[in-house]
Amino acid sequence: MADKNQGRVDVLLTHSYHLYYDRKQALRQQPYPPLGTMYVAALAREAGFSVALFDTMIEEPEEAFDRALAEHQPRVLLICEDSFNFLSKMCLSRMREVSFSMQRRAAEAGIPAFVHGSDSTDQVQAYLAQGFDAVLLGECERTFVELLHAVLRSGENRNWKIPGMAYFGGPDGKVVSTGAREPLVDLDRYPMPARDLISVDRYADIWRTHHGRASMNLVASRGCPFQCNWCAKPIYGNRFVLRPADSVAEEMQILKHSYGVEHLWFADDIFALNRHWMQDFAAAVERRNAALPFKIQSRADLMSDETVKALARAGCEEVWMGAESGSQTILNAMDKGLTVGAIRTASERLRNAGVRVCFFLQFGYPGETLAEIEETIALVRDCRPDDIGVSVSYPLPGTVFYQRVHEQLGVKRNWVDSGDLTAMFRAAYTDEFYRSLRDALHYEVRQYGEPFNRELADHATELWNNVYRKEQRCRNVMPTQLPILPSVEPEHLSMCAEGSCK
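Nothing here was measured: the structure is a model prediction, and the numbers come from that model. (Residues numbered from 1 in each chain as written. Predicted model: local features only at pLDDT ≥ 70, side-chain atom pairs only at ≥ 80, totals over all residues. Heavy atoms only, no water.)

### A closer look at helix α2 (residues 35–46)
Here is the rule: Helix and strand assignments follow DSSP, with helices taken as H or I runs no shorter than four residues and strands as E runs no shorter than two, numbered in order from the N terminus. By definition here, a helix of n residues has an expected span of 1.5 Å times n minus one. We call a residue buried when its accessible area falls under 20% of the maximum for its residue type, exposed when it is over 50%, and partly exposed in between, using a 1.4 Å probe and counting protein chains only.
Taking 1.5 Å per residue, twelve residues should reach 16 Å; α2 reaches 17 Å between its end C-alpha atoms and fits that length. Counting buried positions over the twelve residues of α2 gives ten, a clear majority of the element. The set of residues buried in α2 consists of L35, G36, T37, M38, Y39, V40, A41, A42, L43 and A44. Looking one or two residues past α2, G48 carries a phi angle of roughly 100°, positive in sign.

And the structure:
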């Protein structure tokens, strides 16, 4: 969609994640519009530029993108990945191919192309070599608006001095970087995301067809102050910034009453970090009659009694916690700053409050053996979560984990799609074992709460027998070992941003 004014637009915004290029997500049919891209569109429009947005999530990114170029004839293209979408942050190689293809099409039409996202930040040289005019670094909204002023109004096509850019410069062709821009502290200075530029109705139709209700995404914060050593943070680093509670409640009110949304996904890296903010948020939601069922991702050690009650008051129906492992040894090795006991306690509190409990689990971290895997299986069986997400440890640039294993990485350094589940270093087992483990654990969790069925129970037994058969024949020779790490009790408060946990 484009602004109402006719003719050539100043900028066409898009992104490279396409639902139907990701087998796992295509089966789930839970698409969300590109929130980060819509924030950039809103700020560019507020600054006086005409804007169109091509939404690759549900539009075919080949011929449909060509039609968007022909229709809008943009003066500038920005491929702006949704940095609030964990699928974009996974730096999937299939999406990189889409991004490169879009750049080629823009170049053929003589349109300068810029790019922003986790993958382009990690692979600046590769994206510039592909032909992008510049890579935007850090929080990109203000950088891009300043760039539009420079390119479209001042005619500056090279040697930009704008913070937050990297480009080929000078006669030697080396990369010039102006450094990542510092994140904005007052998030209320950003306008609401430009949802009028995407097809809200099409998203609603997909959701209602497959899940019976329309869901929409929003964020209450940016960044995460915790320092799990496998978590990549190329955009916001370890900064954590919150929107005012009433502003978030107002956006919920708009989505509920103006868009007819029936469910929300808070795409924050971490929700409920500030317990006082949580109380203000619950009160603001009640005051505005803005409550909708919503899901979040958070940490077990943030699920205090008062926070859980505030979440329930505001409408929270599902909390995804980064449990990762049932082994304290592995949690310590990950610098998770979390105890297994905290996971158990949080699960009980949430369930007592009527909130669904969901775990993110990660297998294959260096040093994990069958004993640690069985501790994780035991945690799942004890807590009986309502849902789980299973992954294998995925080394992304900029992380401590990546530094530990990067010498073992071969040609393949990114997953193709979110269902890839490939260990790209020497884990304890081959991929075949981890995939069978995932299948057995998912199947078991799906049976929780269901009436006993002998046929299903027998199938679960066979899946677990298959896991243990493969455990013996899928062992890797000389798997990666952990460095010697002190075993210390984590204290999450010491890891929080200033004032964020108080």
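### As for the side chain of S298
Keep this limit in mind: Should any heavy atoms of two residues lie within 4.5 Å, those residues are counted as being in contact.
With respect to the helices and strands, the residue S298 is situated in strand β12 (residues 294–298). According to the relative accessible area criterion, S298 is buried, its value standing at 6%. Those residues in contact with S298 that sit more than four places away from it in its chain are I270, F271, A272, M303, V319, W320, M321 and G322.

### Concerning the sheet that holds strand β14 (residues 356–363)
The following threshold applies: In this description, strands pair whenever DSSP reports at least two bridges between them. Here, axes are lines fitted to C-alpha atoms. For helices the fit covers the stretch in contact, and angles between N-to-C directions go from 0 to 180 degrees.
Taking strand neighbours across the sheet as the criterion, the six strands line up as β8-β11-β12-β13-β14-β15 in an open arrangement whose pairing is parallel. Sheet topology places β8 (215–218) and β15 (387–392) at the edges, where each strand pairs with a single neighbour. This sheet shows a mean twist of 20° between the axes of neighbouring strands, independent of strand direction. Where strand β13 (residues 316–324) lies against β14, five bridges are found, and the strand directions are parallel. Across the sheet, residue E324 finds its bridge partner in β14, namely L361. Those strands touched by helix α12 (residues 305–314) are β12 and β13, and its axis lies near 140° from that of β13.

### A look at the packing of helix α3 (residues 63–72) against helix α5 (residues 93–108)
Packed helices, taken two at a time, are described by the angle their axes make and the gap between the axes. Basically, it comes down to this: Whether a crossing is left-handed or right-handed is set by the direction in which the near helix is turned from the far one by less than a right angle, anticlockwise for left-handed and clockwise for right-handed.
Between α3 and α5, the shortest axis-to-axis distance is 11 Å and the interhelical angle comes to 35°. Note that α3 runs across α5; the crossing there is right-handed. Touching F65, D66 and L69 of α3 are M102, R105 and A106, all from α5.

### A closer look at the packing of aromatic side chains
The condition is simple: Between the rings of Phe, Tyr and Trp (Trp by its six-membered ring), a pair exists once the centres lie within 6.5 Å; its type follows the angle of the planes, with under 30 degrees stacked, over 60 edge-to-face, and the other angles tilted.
Applying the stated rule across the entire model yields 23 aromatic pairs. Arranged with centres 5.2 Å apart and planes meeting at 50°, the rings of Y32 and W207 form a pair that is tilted. Residue Y32 is located in the loop between α1 (23–28) and α2, and its partner W207 is located in helix α9 (residues 200–211); the two are separated by 175 residues in the primary sequence. Both residues of the pair, Y32 and W207, count as buried. For the ring pair F266 and F294, a centre distance of 5.1 Å and an interplane angle of 80° mean the geometry is edge-to-face. With F266 in strand β11 (residues 263–266) and F294 in strand β12, this residue pair connects regions lying 28 residues apart in the sequence. Overall, the relative accessible area of 0% leaves F294 in the buried class. Clustering of aromatic rings is evident, with ring pairs tying together F266, F271, W277, F281 and F294.

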